[in-house]
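What follows is the residue order along each chain.
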Amino acid sequence: MKSSRFAALAAAALVCPGIVLVSGSPASANPAAGAPGAHNAITDVPGIQVGQVQSDTAPYLTGTSVVYMPQMSVASVDQRGGAPATKETDLLSPLNSNPGVNAIQLGGSSMYGLSATNGIIRWLEDRGEGVRVGGVAPIVPAADIFDLGRGGDPKARTSAEWGYLAAQATSDGPVRQGGVGGGTGARGGGLRGGVGTASVHLGDGIYVGAMVIVNPAGSPVDPADCTLYGVKYGIGNEFAGYKAPKKKECNPPSTAAQQPANTTIAVVATNAPLEKAAAQRMSGNAHDGMARAISPIHTLGDGDTVFAVSTGKGEALQINDPADTRQLNAIFNAGASTLARAIAKAVLSSESIGNTTSYCDRYPSACKGMKQLKQWRTQGNAPDVTPETFAQASQALKQTPVPAPAAADNGKDKGKPKPKAAPAGNTTNDATQDSQNGMVLASGNAGGPSVPTGVTTALLAGGVLAVGLLGMHLRGRRRAPSAGLS
């Protein structure tokens with residue numbers, strides 16, 4: 001029964017953070033109710049994986065993060081900022097028939113970066129994942145932050161190749177935090193932003209996790225004492241070593257001169273089974289976590305968006321069933337607090353780059369004793385997009401075998417062997433050769449690296465040859481004797 005399965009949830013929501021210790025248990029063991037999961041990341045939620053890629057090699061300063069569900073999962077969304085860059089969010093309304101999602105993108109490059117979902121979709125299609133519609137239709141909603149011109153060239157943006165590479169990098173292990181993935185070019189409150197994540201075990205094997213990209217118009221810093229708003233929601237020794245900055249350091253940057261285009265985007269997830277309406281309520285409540293950790297929030301210049309995902313199977317908790325109210329409130333409240341913690345972790349994990357200063361560099365006394373920062377910044381897989389990996393992804397995306405029309409040959413080619421289509425996602429040595437021919441991350445290329453290929457040269461040479469042969473043919477005809485006309 002639902003009530004017996006989730007009886008511990010409400011009690012876990014009331015656990016005092018001050019007496020809970022961060023778990024060092026292996027991923028297979030559940031920590032105490034009220035403690036973070038083994039990775040203290042959204043990947044502690046069973047059925048959730050994360051992949052991230054980025055580049056901070058000039059002219060790039062952007063990236064892509066993807067939250068992947070190997071089993072299509074119930075999801076919804078709540079969007080409260082005044083300037084969102086989103087995709088496929090209408091599908092997530094409880095009023096619409098979409099059964100769930102395969103992945104969610106949290107990316108950089110603003111509206112241009114939404115094209116990175118095409119690579120995630122293709123990666124899922126190659127695996128046969130998606131809604132069955134003759135073939136498969138992968139469902140990948142997305143939200144992107146505005147990071148254009150924040151240190152990189154405005155035209156150095158993510159593309160389908162970036163999404164494909166991020167999907168390839170997905171795992172259920174630790175998640176790297178700071179200036180990585182979709183948070184590579186993030187900043188807020190005059191400081192560098194980035195990616196943050198956190199989790200909590202509510203008891204009985206039920207987890208709530210959050211992943212966020214912090215890029216607000218407001219600030220995560222309390223101007224009264226320059227502490228981070230979100231730190232107060234930490235569990236146990238999660239923020240061990242953190243201190244209020246020394247008074248002489250406390251001179252927070254003004255947010256008045258910040259560019260108006262910003263956004264904080266997030267995914268909150270649980271393995272408790274939720275109906276779609278409950279998932280939407282969870283996403284709405286999670287915005288409270290943003291409001292706890294950032295001020296001001298949800299401005300007209302922000303695109304603040306929160307997705308909620310339920311990977312649980314079985315009888316779903318329903319918002320209009322009084323028997324489920326207690327359990328749902330515990331899950332929703334945990335989602336908001338976990339998101340606030342993730343925001344603080346994102347800011348602490350970020351490092352200075354270019355002319356954008358990190359919190360820990362601006363207030364060094366606050367972070368001096370935090371030994372866990374190195375782990376947050378380095379654990380987990382977040383590969384850089386290089387000319388070689390971009391070329392490999394580009395080649396994989398080209399391998400789309402399109403069946404010929406059934407009556408195309410009309411019997412003319414009967415008995416002749418048909419060419420074999422290259423397998424989807426196959427990567428050939430051509431990609432490696434392309435990179436060796438001088439592929440570079442180049443300014444002015446909207447999708448990524450520009451690759452001088454042998455194919456282009458061959459086509460040009462063939463065109464020149466054809467024109468030459470045509471000229472010789474025409475000259476021959478002019479020299480031949482003309483036939484008389486009657």
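Use the structure listed above.
Residues numbered from 1 in each chain as written. Predicted model: local features only at pLDDT ≥ 70, side-chain atom pairs only at ≥ 80, totals over all residues. Heavy atoms only, no water.

Caption draft 1: Layout of the packing of helix H4 (residues 117-126) against helix H5 (residues 160-168). With their axes 6 Å apart at the nearest point, H4 and H5 run at an angle of 50° to one another. For the element pair H4 / H5, the angle class is oblique. Both H4 and H5 take part in a crossing whose hand is right-handed. Along its contact with H4, which presents Asn118, Gly119, Ile120, Arg122, Trp123 and Asp126, the element H5 presents Ala160, Gly163, Tyr164, Ala167 and Gln168. Looking at the contact of H4 with H5 residue by residue, the class counts come to five nonpolar, four polar and two charged. (Axes fitted to C-alpha atoms, helices over the stretch in contact; angles between N-to-C directions. Helix = DSSP H or I, 4+ residues; strand = E, 2+ residues; numbered from the N terminus. Parallel < 35°, antiparallel > 145°, perpendicular 65-115°, else oblique. Left-handed = near helix turned anticlockwise from the far one by under 90°. Contact = heavy atoms within 4.5 Å. Nonpolar A, V, L, I, M, F, W, Y, C, P; charged D, E, K, R; others polar.)

Caption draft 2: The arrangement of the pairing of strand S11 (residues 206-214) in detail. The buried fraction of S11 is high, at nine of nine residues. On S11, burial covers both faces: Ile206, Val208, Ala210, Val212 and Val214 on one face and Tyr207, Gly209, Met211 and Ile213 on the other are all buried. As paired strands, strand S10 (residues 194-203) and S11 are joined by nine bridges and run antiparallel to one another. The partner of Gly203 across the bridge, within S11, is Ile206. (Buried < 20%, exposed > 50% of the residue type's maximum accessible area, 1.4 Å probe, protein only. Pairing = 2+ DSSP bridges.)

Caption draft 3: How the structure looks around the state of the cysteines. Taken as a whole and assessed by the stated rule, the structure comprises two disulfides. Between the sulfur atoms of Cys226 and its disulfide mate Cys250 the distance is 2.2 Å. Because the torsion about its S-S bond is 85°, the bridge between Cys226 and Cys250 counts as right-handed. Residue Cys226 is located in the loop between S11 and strand S12 (265-270), and its partner Cys250 is located in the loop between S11 and S12; the two are separated by 24 residues in the primary sequence. Accessibility expressed as a relative area gives 0% for Cys226, which makes it buried. At a sulfur-sulfur separation of 2.1 Å, the disulfide partner of Cys360 is Cys367. The sign of the S-S torsion, about -80°, decides the handedness of the disulfide formed by Cys360 and Cys367: left-handed. A relative accessible area of 8% means that Cys367 is categorised as buried. (Disulfide = S-S within 2.5 Å.)

Caption draft 4: Spatial organisation of H5. Burial analysis of H5 places eight of its nine residues in the buried class, the great majority of the element. Within the span of H5, buried status applies to Ala160, Glu161, Trp162, Gly163, Tyr164, Leu165, Ala166 and Ala167.

Caption draft 5: Up close: the packing of aromatic side chains. Using the criterion set out here, one finds five aromatic pairs in the structure. On the numbers, 4.8 Å between centres and 50° between planes, the contact of Tyr359 with Tyr363 is tilted. With respect to burial, Tyr359 and Tyr363 carry one shared label: buried. Through pairs of rings, three or more aromatic residues link up here, namely Tyr242, Tyr359 and Tyr363. Positioned above the aromatic ring of Tyr112 is the side chain of Arg157, whose terminal nitrogen or guanidinium carbon lies 3.6 Å from the ring centre. The lysine or arginine in question, Lys345, covers the ring of Trp376, its NZ or CZ lying 5.0 Å from the ring centre. (Phe/Tyr/Trp six-rings, centres within 6.5 Å; stacked < 30°, edge-to-face > 60°. Lys NZ or Arg CZ within 6 Å of the ring centre and 35° of its normal.)

None of this, on its own, says anything about what the molecule does.
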